[in-house]
Amino acid sequence: MPFITLSDGSQKFFKDWGTGRPVVLSHGWPLNADAWDSLAVAVAEAGYRVVAHDRRGHGRSDQTWDGNHMDQYADDLAELLEQLDLTDAVLVGHSTGGGEVARYLGRHGSGRVRKAVLLGAVPPLMLRTEANPEGTPIEFFDGIRAGVAADRSQFYYDLSEAFFGFNRPGAAVSDGKRREFWLQGMQAGLKGALDCIEAFSETDFTEDLQKIDIPVLVAHGGDDQIVPIAASAEKAVKLLSQGVLKVYPGAPHGLVGAYETAFTEDLLEFVGA
């Protein structure tokens, strides 16, 4: 199985499929690279090299006690690009992974990157503050912490319902997708999962977004119950110098079915343009 050794000695897992211009995929919380499999196959079959990695504390990467914060996630992504010598890349980040991509570009620049995609992404800031009244109250994130700490197995399974929009009237519920979400969540280390809640909810990416000097596709579900669009995509695109917003009406946070197909088509068009 492919791993790189990071500068702190920890091991980072990645998948490396196909050939061509690299498309690098950063996953959401509490998932891992497997969450991208369907899209990764489609992108690799379209003639690109797809690199999907497990964030530290998640999946098959080492469950480090320290370093579960956005600066370190971004530095780990930088080491991945450097060790694999990826250039002219397209970075794609979903949810927490979108924060990772934004922080990478703000912290390391775009020398190795051609374009970026923020899908259902947390930037600029999820937390409600006086300056960010559209955000989500801290009590919501405290509830996530409490649920994960008390019974993460049940919490992850319950969360999958809203994640995929299966709680909406008329939704075609896939228990398989819910079990997939649960399985990936259970592969994340408890310490890393708890730390990451603060990382994705309380990190302010405003300055990162303002520094980005490449084209960015900001894609978001119109019915995202996990990362509400008003506090994320609608604000993020205004901070980007070359941002374009694509909204999928009625789509949930985790894209499935026709929504996933539509995003994959838009991604391939954006990458190839």
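Values in this document were obtained by computation on a predicted structure and should not be read as measured data.

1. Thoughts on the pattern of salt bridges
Two side chains bearing opposite charge may form a pair once their charged atoms approach each other closely. Inspection of every chain in the model, using the stated rule, returns 22 salt bridges. Here Lys15 ties to Asp37 by a salt bridge, and the two come within 2.7 Å at their closest N and O atoms. Note that Lys15 is positioned in strand S2 (residues 11-17) and Asp37 in helix H1 (residues 37-45), a separation of 22 residues in sequence. The exposure class assigned to Lys15 is buried, which follows from its relative accessible area of 11%. Residue Glu180 pairs with Lys177 through a salt bridge whose shortest N-O separation is 3.5 Å. Taken together, the positions of Glu180 and Lys177, both in helix H5 (residues 175-186) and three residues apart, correspond to about one turn of that helix. On the basis of relative accessible area, Lys177 is assigned to the partly exposed category, the value being 25%.

2. As for the packing of helix H4 (residues 138-163) against H5
Orientation of H4 relative to H5, taken along the N-to-C sense of each, is 135°, at an axis distance of 9 Å. The angle between the axes of H4 and H5 places the two elements in the oblique class. Two packed elements cross with a definite hand, and for H4 against H5 that hand is right-handed. Contact residues: H4 offers Arg152, Ser153, Tyr156, Tyr157, Asp158, Leu159, Ser160, Glu161 and Phe163, while H5 offers Asp175, Arg178, Phe181, Trp182, Gly185 and Met186. Looking at the contact of H4 with H5 residue by residue, the classes come out as seven nonpolar, three polar and five charged.

Procedures and definitions
- All residue numbers here refer to positions counted from 1 along the written sequence of the relevant chain.
- Note on the predicted model: pLDDT of at least 70 is required for a residue's local features to be given, and 80 or more for side-chain atom pairs to be given and counted; whole-chain, interface and lining totals, by contrast, use all residues.
- Side-chain calculation: all heavy atoms of the structure are included, whereas hydrogens and water are not.
- Each salt bridge in this description consists of a side-chain nitrogen of Lys or Arg and a carboxyl oxygen of Asp or Glu lying within 4 Å of one another.
- By definition, any uninterrupted DSSP run of H or I lasting at least four residues is a helix, any uninterrupted run of E lasting at least two residues is a strand, and each is numbered from the N terminus.
- Burial here depends on accessible area, computed with a 1.4 Å probe over protein chains only, as a share of the maximum for the residue type. Under 20% is buried, over 50% is exposed, and the range in between is partly exposed.
- All axes are obtained by fitting lines to C-alpha atoms, using only the stretch in contact for helices, and the reported angles, taken between N-to-C directions, cover 0 to 180 degrees.
- Convention used here: angles under 35 degrees read as roughly parallel, angles over 145 as roughly antiparallel, angles from 65 to 115 as roughly perpendicular, and any remaining angle as oblique.
- Crossings are classed by handedness, with left-handed meaning an anticlockwise turn of the near helix from the far one by less than a right angle and right-handed meaning a clockwise turn.
- Contact definition: two residues touch when any of their heavy atoms are within 4.5 Å.
- Note that Gly is not counted as nonpolar here; it falls among the polar residues with everything else outside the nonpolar set of Ala, Val, Leu, Ile, Met, Phe, Trp, Tyr, Cys and Pro and the charged set of Asp, Glu, Lys and Arg.

These results come straight from atomic positions and should not be treated as a statement about function.
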